[in-house]
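Listed below, chain by chain, are the residues.
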Amino acid sequence: MQEYFFVACALRDIVGRFRRRSGYLADLSEAVSIQLNDTHPALAVAELMRIFVDEEGMPWKAAWSTTQRTFAYTNHTLMPEALEKWPRPLVASVLPRHVELIEQINDQFLKEVTRRWPGDVDRMRRMSIVEESWPQQLRMAHLAMVGSHSINGVAQLHTDLVKHQLVPDFHEMWPERFSNKTNGITPRRWLLLANPDLAALITSRIGSGWITDLEQIRALEPFADDPEFRSAFRAIKRSNKERLARLVHDLTGLGLDPLALFDVQVKRIHEYKRQLLAAMHVIHEYLELIEEGKPPDTPHVYLFAGKAPPDYLMAKLIIKLINGVAHAVNSDPAVNGLLRVVFLPDYRVSQAERIIPAADLSEQISTAGKEASGTSNMKFALNGALTIGTLDGANVEIREAVGAENIYIFGLRVEEVTQLRKSGAYDPWAYYHRSENVRRVVDAIVSDRFCPGEPGIFRPIWQRLMEHGDEYFHLADFESYEATHARASLDFVDPEAWARRAILNVARVGRFSSDRAIREYAREIWKISPVLDRPGNL
Ligand SMILES: *Cc1c(COP(=O)(O)O)cnc(C)c1O
């Protein structure tokens, strides 16, 4: 009902406005593009058909042609639980006419499939908008694709996976409908507003053109080798870290050393994003320090923040583990302030604006193939943090942009993950027995040392890690993650060299502006040009 409410209001508004201006509804697509932002508004395809056919008395064929030319669909995730499927009886109880229309759309669509692939019943079953389960389910992503002239993913790797793994049948049928539109972030919020000192420093050297044309920030590249600029850049990072330390102190009572490496993972809590892998690394570093007397190469602050949906038990448990580790580490006198672990509650945009400008290292460590794009990866790089990450989502394009020597890449590639999943060869116990470090961390999680008052509470995490069915291959990437972290810590000991690479990140991520992304949607999908580019407009 909520999804229909929004869709119905938006379409009523769009159609009413169009009619007051121009009149002839079959021409709607000449003036209007509707971008379906994920599957949530997919009902709009049926609702527009209802307006055309039932209210306006338009012939089906004309109505369908205008509908398809009006809609475009953006896929935002490959995670199966996020691709909406609604039970047909549930939808029919709220929107009986829409179910009829969806079935009519589906009949026409399946006729097209049969014309192209006669007798291929399996393909029809796979492509149908109606899944033949009990009860039947309506596949909203299929409705969105069938009702649209354009289908796009949000990073190059993600678009390739949409085409070849998620919906290969649709790509085979309509290759021309698919394209990539890599996500972007707005430089106004994520640099000018969130990091005013860095913004002013940049403007003092290259002018303010970057604010509305982020590619211009490339002019900063030569300043990476300018000691005076580097010193100003480092002073700003330092002051942003002090500002964040004050916020952390106000919210948690904990003091942070602004000279420490600020290592940050902030994003929604989800198993595929692998906050658990980052927590395992923290546990490893802690145990190395207190059990082997090996201090880290540099004092280290680990900062986490992020929300989980209230019914996602494993995500809530991971938050609890991070808090348990934070308590153990921060209250252990043997740590002597060399490690600090913080979980900041109530992560949100206003908090991100404080945290991101203060980061030295940006954690982007999802299992390869799972993160569609990511955008915090872009925000961090633009604010002069180096990335430690997997070759997933837009990380791949960030590496191309900043250069492999200015980013820390580790772990399995998509093809390796796919292969490991297909072969069924992933055996967490093999990693457990092979590596003393893995063993020590996994044993510590299940030992209750991070939950002394609630014995056994982390057992479900241990089970998830040690089951063959760990979809996210934590143990497979652990050692590569450790080795890469060790390199980063060692590099951080040379602040000038670190600052040089951080500045090169800032200078080279201009392509990740949302202005570029929106321009691509405008030109290639909506077929519109900026008003200011038209003759006669200044
Ligand atoms: C940018 C942003 C996100 C997206 O973060 P990812 O790491 O790309 O998942 C989530 N929440 C907030 C508050 C953000 O600012």
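As the structure is a prediction and not an experimental result, all values here were calculated from the model.

Describing the packing of helix α12 (residues 196-206) against helix α13 (residues 227-252)
Two elements in contact, α12 and α13, have axes separated by 9 Å at closest approach and are oriented at 165 degrees. Taken together, the axes of α12 and α13 are roughly antiparallel relative to one another. Of the two elements, α12 crosses α13, and the hand of that crossing is right-handed. Of the residues in α13, those touching α12 at Asp197, Leu198, Leu201 and Arg205 are Glu228, Phe229, Ala232, Phe233, Ile236 and Ser239. Of the residues that constitute the contact of α12 with α13, the class distribution is 6 nonpolar, 1 polar and 3 charged.

Quick look at the domain arrangement of the protein chain
Assigned domains of the protein chain: these are domain 1 (2-181) and domain 2 (187-518). Once you take the C-alpha centre of each, domain 1 and domain 2 turn out to be 38 Å apart. Opposite the 12 residues of domain 1 that make contact, domain 2 presents 15 residues. Interface area, domain 1 with domain 2, both sides summed: about 910 Å², of which 65% is carbon and sulfur. Summed over the three residues of domain 1 that lose the most area to domain 2, namely Met79, Ala155 and Leu157, the buried surface amounts to 48% of that side. Put simply, domain 1 and domain 2 have 0 salt bridges between them.

Examining the sheet that holds strand β5 (residues 137-139)
Read from one edge to the other, the open sheet built from 3 strands follows the order β3-β5-β4, with strand pairing classed as antiparallel. Here the strands that pair on one side only, and so sit at the sheet edges, are β3 (85-87) and β4 (130-131).

Quick notes on the rules
As a convention, each chain's residues are numbered from 1 in the sequence order in which they are written. For this predicted model, a pLDDT threshold of at least 70 governs which residues receive local features, and a threshold of 80 or more governs which side-chain atom pairs are given and counted, while totals over whole chains, interfaces and linings are taken from all residues. Only hydrogens and water are removed before side-chain values are computed, so all heavy atoms of the structure are retained for them. Here the axes come from fitting lines to C-alpha atoms, over the contacting stretch only for helices, and the angles between their N-to-C directions go from 0 to 180 degrees. Secondary structure elements follow DSSP: runs of H or I no shorter than four residues count as helices, runs of E no shorter than two count as strands, and numbering proceeds from the N terminus. Orientation is classified from the angle alone, with under 35 degrees giving roughly parallel, over 145 giving roughly antiparallel, 65 to 115 giving roughly perpendicular, and any other angle giving oblique. Crossing handedness: left-handed means the near helix sits turned counterclockwise from the far one by under a right angle, and right-handed means the same turn made clockwise. Two residues qualify as a contact provided that any one of their heavy atoms is within 4.5 Å of a heavy atom in the partner residue. When residue character is reported, Ala, Val, Leu, Ile, Met, Phe, Trp, Tyr, Cys and Pro are called nonpolar, Asp, Glu, Lys and Arg charged, and the others, Gly included, polar. For every domain, the bounds stem from an assignment made automatically or drawn from a database. Accessible-area loss on putting two parts together, using a 1.4 Å probe and summing over both, is the definition of buried area adopted here. Only one rule defines a salt bridge in this text: a Lys or Arg side-chain nitrogen within 4 Å of an Asp or Glu carboxyl oxygen. When DSSP finds two or more bridges between a pair of strands, those strands are recorded as paired.

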